[in-house]
Amino acid sequence: MRNIQGVNDSIAAAGASTSVVTAIAARAIELQPIISATSGVIAIITGLFAIMYYIKKLNGKDSKQPN
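Predicted model, so just to flag it, every value in this text is computed and none were measured. (Residues numbered from 1 in each chain as written. Predicted model: local features only at pLDDT ≥ 70, side-chain atom pairs only at ≥ 80, totals over all residues. Heavy atoms only, no water.)

A.B. asks: Honestly, the packing of aromatic side chains in this entry has me stumped. Any pointers?
C.D. replies: Working definition: an aromatic ring pair is given by the centre-to-centre distance plus the angle between the planes. Applying the stated criterion to the full structure yields one aromatic pair. Judged by centre distance (5.1 Å) and plane angle (80°), the ring pair of Y53 and Y54 falls under edge-to-face. (Phe/Tyr/Trp six-rings, centres within 6.5 Å; stacked < 30°, edge-to-face > 60°.)

Below is the structure:
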């Protein structure tokens, strides 16, 4: 059986972890516009690289065809 000190330690650990999770959630809400903008820029850059890749791929196929 647990003693009173063990129960108090468990309650303190639960309270501390709840506080940490709440603090992270509050920061995530504040940083959400920055995260969204960053992911949008990454998506645009990825799309541009995909376009460049397929343009090079199409140009490579055209030059390999016999005349």
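A.B. asks: How should I be thinking about the pattern of salt bridges in this particular structure?
C.D. replies: Where charged atoms of side chains with opposite charge meet at close range, the side chains can pair. Under the counting rule described, the total for this entry stands at one salt bridge. Ionic pairing is found between R27 and E30, a salt bridge with its closest N-O pair at 2.9 Å. Of the two residues, R27 and E30 both sit in helix α1 (residues 4-64), three residues apart, roughly one turn of that helix. You can call R27 exposed: its relative accessible area is 53%. (Salt bridge = Lys/Arg side-chain N within 4 Å of Asp/Glu carboxyl O. Helix = DSSP H or I, 4+ residues; strand = E, 2+ residues; numbered from the N terminus. Buried < 20%, exposed > 50% of the residue type's maximum accessible area, 1.4 Å probe, protein only.)

A.B. asks: Help me understand a nonpolar patch on the surface, please; the structure alone is not making it clear to me.
C.D. replies: Taken together, the side chains of V41, I45, F49 and M52 make up a nonpolar region of the molecular surface, amounting to roughly 380 Å² of accessible area. Mapped onto the elements, F49 comes out in helix α1. Take F49: its relative accessible area is 53%, and that puts it in the exposed class. (Patch = residues over 30% accessible without salt bridge, like charges linked within 9 Å, V, L, I, M, F, W, Y side chains within 5 Å. Areas by Shrake-Rupley, 256 points an atom, 1.4 Å probe, with all protein chains shown as cover.)

Geometric descriptors of this kind do not, in isolation, establish any biological role.
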